[in-house]
Amino acid sequence: MVRRSSMVARNATPKEPPARWATFKSAEAVPARFRGTAFMAAVMTFEMSSSEKVAEYREECRELGIPMEPPDINASEFDFTVEPARASAPDAEPSTAASGVIRFGLGAVKGVGAKAVTSIVEERQRDGAFKNLFDFCERVDLSAVNRGTIEALVCAGAFDTT
């Protein structure tokens, strides 16, 4: 008789921790028609360390008609968030418009850490929106937000609205 490891027998998978496996399975069990904007934002926040998973869920949002906004230095938080839908979106479905849009979280941008995002958000809350890249560099704590972080944010399009 072949003996299976206790990890496999107990959790049904040898590679995933129990909590992560349970969360994945529960997200998979929800039918697509019940996956709303807040649900998808929460799932992407949970999976933000895996860019492949975020890309999969982003594609699923597109298929479900859930609009997504890119990262924005003046609007994004660390996590994926739900913002009210803009009334000027003529192609948005009524049900989608009522539930809002998902704003891409700065924490999901490769090369941007939690300490940098915390510094950015605190400065934005304290002194308002950043006017441009120069204003951003003058105001944030450059020991938390280094050159690599700024380059990653620029490449992700986070400064496009400034």
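Residues numbered from 1 in each chain as written. Predicted model: local features only at pLDDT ≥ 70, side-chain atom pairs only at ≥ 80, totals over all residues. Heavy atoms only, no water.

### What about the overall build of the protein?
Link 1 in the chain: Scanning the protein for helices and strands turns up 8 helices and 3 strands.
Link 2 in the chain: Taken over 162 residues, the protein has a buried fraction of 36%.
Link 3 in the chain: Taken as a whole, the protein presents about 9,800 Å² of accessible surface, with 56% of it coming from carbon and sulfur. (Helix = DSSP H or I, 4+ residues; strand = E, 2+ residues; numbered from the N terminus. Buried < 20%, exposed > 50% of the residue type's maximum accessible area, 1.4 Å probe, protein only. Areas by Shrake-Rupley, 256 points an atom, 1.4 Å probe, with all protein chains shown as cover.)

### Some points on the nonpolar core
Link 1 in the chain: Phe80, Ile102, Ile120, Phe136, Val145 and Leu153 are the most contacted members of the largest nonpolar core, which totals 32 residues.
Link 2 in the chain: Counting residues per element, the ones that place at least two in this core are helix 3 (37-46), helix 4 (51-64), helix 6 (114-127) and helix 8 (147-156). (Core = buried A, V, L, I, M, F, W, Y, C linked by side-chain atoms within 4.5 Å.)

### Focus on the sheet that holds strand 2 (residues 81-83)
Link 1 in the chain: One open sheet holds the 3 strands; their spatial order is 1-3-2, and the pairing between them is mixed. In this open sheet, the two strands that pair with only one neighbour each are strand 1 (68-69) and strand 2.
Link 2 in the chain: With 3 bridges connecting them, strand 2 and strand 3 (residues 101-103) associate as antiparallel partners. Pairing of Glu83 across the sheet is with Val101, part of strand 3. (Pairing = 2+ DSSP bridges.)

### Overview of the packing of aromatic side chains
Link 1 in the chain: Taken as a whole, this structure holds 3 aromatic pairs when the rule is applied.
Link 2 in the chain: Between the aromatic rings of Phe130 and Phe136, the centroid separation amounts to 5.0 Å while the plane-to-plane angle is 70°, which identifies the pairing as edge-to-face.
Link 3 in the chain: A centroid spacing of 5.0 Å and a plane angle of 80° characterise the contact between Phe136 and Phe159, whose relative ring orientation is edge-to-face. In this pair, Phe136 sits in helix 7 (residues 133-139) while Phe159 sits in the segment after helix 8, placing the two residues 23 residues apart along the sequence. Phe159 carries the same exposure label as Phe136, and that label is buried.
Link 4 in the chain: Joined through ring pairs, the aromatic side chains of Phe130, Phe136 and Phe159 make up one cluster. (Phe/Tyr/Trp six-rings, centres within 6.5 Å; stacked < 30°, edge-to-face > 60°.)

### Examining helix 4
Link 1 in the chain: Here helix 4 spans 20 Å end to end across 14 residues, near enough to the 20 Å set by a 1.5 Å rise per residue.
Link 2 in the chain: Within the span of helix 4, buried status applies to Val54, Tyr57, Glu60 and Cys61. The buried side chains of helix 4 occupy one side of the element, clustering within an arc of 120° when seen end-on. Opposite its buried face, helix 4 presents the exposed residues Glu52, Arg62 and Glu63, each directed more than 90 degrees away.
Link 3 in the chain: Buried residues along helix 4 sit in contact with helix 3, strand 1 and strand 3.
Link 4 in the chain: One or two residues past the end of helix 4 sits Gly65, with phi positive at roughly 80°. (Expected span 1.5 Å × (residues − 1). Arc of directions from axis to C-beta. Contact = heavy atoms within 4.5 Å.)

### Considerations on the side chain of Asp72
Link 1 in the chain: Here Asp72 shows up in the loop between strand 1 and strand 2.
Link 2 in the chain: With no salt bridge to any partner, buried Asp72 finds its closest opposite charge in Arg103, at an N-O distance of 4.2 Å.
Link 3 in the chain: Within polar-contact distance, the side chain of Asp72 engages the side chain of Thr161 at 2.9 Å.
Link 4 in the chain: With sequence-adjacent residues up to four places away left out, Asp72 is seen in contact with Arg103, Leu106, Arg124, Ala158 and Thr161. (Lys, Arg positive; Asp, Glu negative; His and termini not counted. Salt bridge = Lys/Arg side-chain N within 4 Å of Asp/Glu carboxyl O. Polar contact = N/O pair within 3.5 Å; in protein donor to acceptor, adjacent residues only side chain to side chain.)

### Here's the deal with the pattern of salt bridges
Link 1 in the chain: Taken as a whole and judged by the stated rule, the model has 7 salt bridges.
Link 2 in the chain: With its nearest N and O atoms 3.1 Å apart, the salt bridge here joins Glu83 to Arg103. Taken together, the residues Glu83 in strand 2 and Arg103 in strand 3 connect sequence positions 20 residues apart. Across the pair, exposure class does not vary: Glu83 and Arg103 are buried alike.
Link 3 in the chain: Note that Asp135 and Arg139 form a salt bridge whose closest N and O atoms lie 3.0 Å from each other. Here Asp135 and its partner Arg139 are both found in helix 7, 4 residues apart, which amounts to about one turn of the helix. Like Arg139, Asp135 is buried.
Link 4 in the chain: Here the residues in one salt-bridge network are Glu123, Arg126, Asp135 and Arg139, joined through shared partners.

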